[in-house]
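Fold and contact review
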Amino acid sequence: MPGSSHIVVAGAGSIGCFVGGLMAAGGHRVTLLGRARILDDIRAQGLHLTDFAGLDVRLPADRLALTEDPAGLTGADVVLVTVKTPATPDMARLIADHAPPVAVVVSLQNGVENADLLRAALPGRDVRAGMVPFNVVPAGPGRWHRASSGDIVIGAGQGGLAGLLSVNGLPVSESPEIAAIQWGKLLMNLNNALNALSGLPLRAQLMDRDWRRLMADQMAEALAVLAAAGIPAKPATPIPLWLTPRLLCLPTFLFARIAARALTIDAEARSSMAHDLMQRRPTEIDSLQGRIIALGARHGVPTPICRAVAGLVRRAESGGPACLGVGEIRAAISGDEGGKAD
Ligand SMILES: NC(=O)C1=CN([C@@H]2O[C@H](COP(=O)(O)OP(=O)(O)OC[C@H]3O[C@@H](n4cnc5c(N)ncnc54)[C@H](OP(=O)(O)O)[C@@H]3O)[C@@H](O)[C@H]2O)C=CC1
Ligand SMILES: CC(C)(CO)C(=O)C(=O)O
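The structure displayed is predicted, hence computed values, not measured ones. (Residues numbered from 1 in each chain as written. Chains lettered and ligands numbered in written order. Predicted model: local features only at pLDDT ≥ 70, side-chain atom pairs only at ≥ 80, totals over all residues. Heavy atoms only, no water.)

For ligand 1, the set of nearby residues contains 24 residues, the closest of which are Ile15, Arg37, Asn110, Val136 and Glu284. Within the contact set of ligand 1, an oxygen atom lies 2.8 Å away from a backbone nitrogen or oxygen of Ile15. Residue assignment for the shell around ligand 1 shows that the elements contributing at least two residues are α1 (14–25), α2 (36–45) and α3 (88–98). Broken down by class, the residue content of the shell around ligand 1 amounts to nine nonpolar, nine polar and six charged. Both domains that furnish three or more residues to the shell around ligand 1 are identified here as domain 1 (6–176) and domain 2 (180–337). (Near = heavy atom within 4 Å. Polar contact = N/O pair within 3.5 Å; in protein donor to acceptor, adjacent residues only side chain to side chain. Helix = DSSP H or I, 4+ residues; strand = E, 2+ residues; numbered from the N terminus. Nonpolar A, V, L, I, M, F, W, Y, C, P; charged D, E, K, R; others polar. Domains from an automatic or database assignment.)

Further remarks concern the domain arrangement of the chain. Domain annotation of the chain identifies domain 1 (6–176) and domain 2 (180–337). When each unit is reduced to the centre of its C-alpha atoms, the spacing between domain 1 and domain 2 is 25 Å. Taken together, the contacts link 25 residues of domain 1 with 26 residues of domain 2. Of the roughly 2000 Å² buried where domain 1 meets domain 2, counting both sides, 56% is carbon and sulfur surface. Counting across the domain 1 and domain 2 interface gives one salt bridge. Of the charged contacts in the structure, one is a salt bridge between Lys84 and Asp276, with a shortest N-O distance of 2.8 Å. The interface formed by domain 1 and domain 2 includes ten residue pairs in polar contact (both at pLDDT 80 or more). Those elements that place two or more of their residues in the side of domain 1 that touches domain 2 are β8 (127–131), β9 (136–138) and β10 (143–146). (Contact = heavy atoms within 4.5 Å. Buried area = accessible area lost by both parts, 1.4 Å probe. Salt bridge = Lys/Arg side-chain N within 4 Å of Asp/Glu carboxyl O.)

Close contacts around ligand 2 come from Asn110, Pro133, Phe134, Asn135, Lys185, Asn189, Asn192, Leu202, Ser271 and Ser272, and that covers them all. Between ligand 2 and Asn135 there is a distance of 3.4 Å, counted from an oxygen atom to a side-chain nitrogen or oxygen. Between ligand 2 and the protein, one listed contact pairs an oxygen atom with a side-chain N or O atom of Asn189 at 2.8 Å. Burial of ligand 2 by the protein chains amounts to 88% of its free accessible area of 280 Å². No other element matches the three residues that helix α6 (residues 178–198) contributes to the shell around ligand 2. (Areas by Shrake-Rupley, 256 points an atom, 1.4 Å probe, with all protein chains shown as cover.)

Here we take up the UniProt feature "transmembrane region" (unreviewed entry) in the chain. UniProt marks residues 6–27 with the feature "transmembrane region" (unreviewed entry), using the numbering shown here. Helix makes up 55% of residues 6–27 and strand 23%, whereas the separation of the span's terminal C-alpha atoms amounts to 10 Å. (UniProt positions renumbered as here; feature names shortened; annotations may be inferred.)

Glancing now at the UniProt feature "domain: Ketopantoate reductase N-terminal" (unreviewed entry) in the chain. Per the UniProt record, "domain: Ketopantoate reductase N-terminal" (unreviewed entry) is found at residues 7–157. Along residues 7–157 one finds 27% helix and 30% strand; the C-alpha atoms at either end are 18 Å apart.

Before going further, it helps to spend a moment on the sheet that holds β10. With mixed pairing, four strands are arranged side by side in an open sheet as β4-β3-β10-β9. Each edge of the open sheet carries a strand with a single partner, namely β4 (56–59) and β9. The average angle at which neighbouring strand axes cross in this sheet is 20 degrees, direction not considered. Taken together, the four bridges between strand β3 (residues 47–51) and β4 define a ladder with antiparallel strand orientation. When the bridges of β4 are listed, Thr50 appears paired with Asp56. Set on the sheet, α1 makes contact with β3, β4, β9 and β10; between it and β3 the angle comes to about 100 degrees. (Pairing = 2+ DSSP bridges. Axes fitted to C-alpha atoms, helices over the stretch in contact; angles between N-to-C directions.)

Here's what the structure looks like:
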């Protein structure tokens with residue numbers, strides 16, 4: 001792989017445009033493969049990237065290749081897969097048909113199944129799992145805002161890939177424990193659904209103790225499932241996962257002090273699932289809560305919270321209410337414990 005590589009972002013949305021844009025600003029040749037509704041805005045006014053710490057990068061459209069045509073994958077050194085999980089099988093087929101077999105494929109997606117889905121469709125290729133801890137929100141035409149902190153981790157392998165992908169403002173590291181890191185992220189991503197159902201920005205949701213207690217109960221349920229299944233999980237923040245439910249239950253002034261040391265999060269942040277529901281798109285609920293529910297069933301651990309929350313997200317996906325209070329969600333959980341939900 002050359003020092004400056006051709007990176008193709010496969011699915012240019014929030015994560016793809018932000019990461020791809022910073023990599024282009026850092027000197028890589030970048031192609032954004034995406035939808036016309038997104039690329040046309042970038043064609044018209046370039047790409048504008050900001051973040052919680054004052055980053056302000058503007059890239060004219062001619063610094064990027066922009067295409068809706070999967071033939072844009074031809075000639076890639078690295079393919080960054082940034083579609084939502086339900087779109088992974090289709091994207092895997094496009095990569096198989098168009099990307100060179102030597103291109104390294106990196107999944108920058110949430111959930112724990114995407115790298116395996118890609119490997120199954122791309123036998124013999126170097127496919128890495130990755131974990132993106134930070135939040136990116138659309139902030140207007142051609143503009144994306146990184147609203148929380150953390151650095152990308154990818155699976156360890158040959159070729160110094162992390163060093164190659166690291167650019168100013170976007171360090172990338174490799175870890176042999178990427179599977180555990182992805183499970184740790186999945187535990188945090190269980191809040192994507194609560195955030196989406198709350199209708200609140202993440203910071204406002206986190207500053208409310210009733211929401212935090214619900215997050216804590218859901219996380220404790222999932223930790224019990226992972227313990228029964230013997231699955232190790234590593235946190236994306238310095239706070240151990242077993243301690244997180246207890247921290248969430250602290251009074252707000254104490255929680256805020258401790259959380260501020262582990263994570264920066266600004267007022268714009270909302271989970272990717274919140275954006276999916278707002279835009280009436282299918283969510284990743286099956287690969288987040290759905291994964292815990294399936295494991296719980298296999299290992300005899302009840303998962304009433306994940307089941308009720310998944311049920312409410314599915315209802316919202318098909319046009320049901322999306323702005324719920326903690327009390328309404330607790331009522332649905334009690335219904336599930338009584339065997340009524342899902
Ligand atoms: N947003 C965030 O803050 C974070 C997201 N993640 C994870 O990163 C992944 C990506 O999330 P995010 O960036 O929010 O997702 P987005 O929905 O913003 O972006 C994905 C884009 O890919 C497009 N797409 C899908 N299939 C194709 C295709 N075949 N050809 C071209 N474009 C395609 C989608 O279009 P369409 O909708 O029309 O299919 C969409 O515009 C997810 O797994 C998410 O959980 C991880 C950390 C944070
Ligand atoms: C908000 C964040 C960064 C963590 O839950 C995320 O992964 C998402 O929005 O999907």
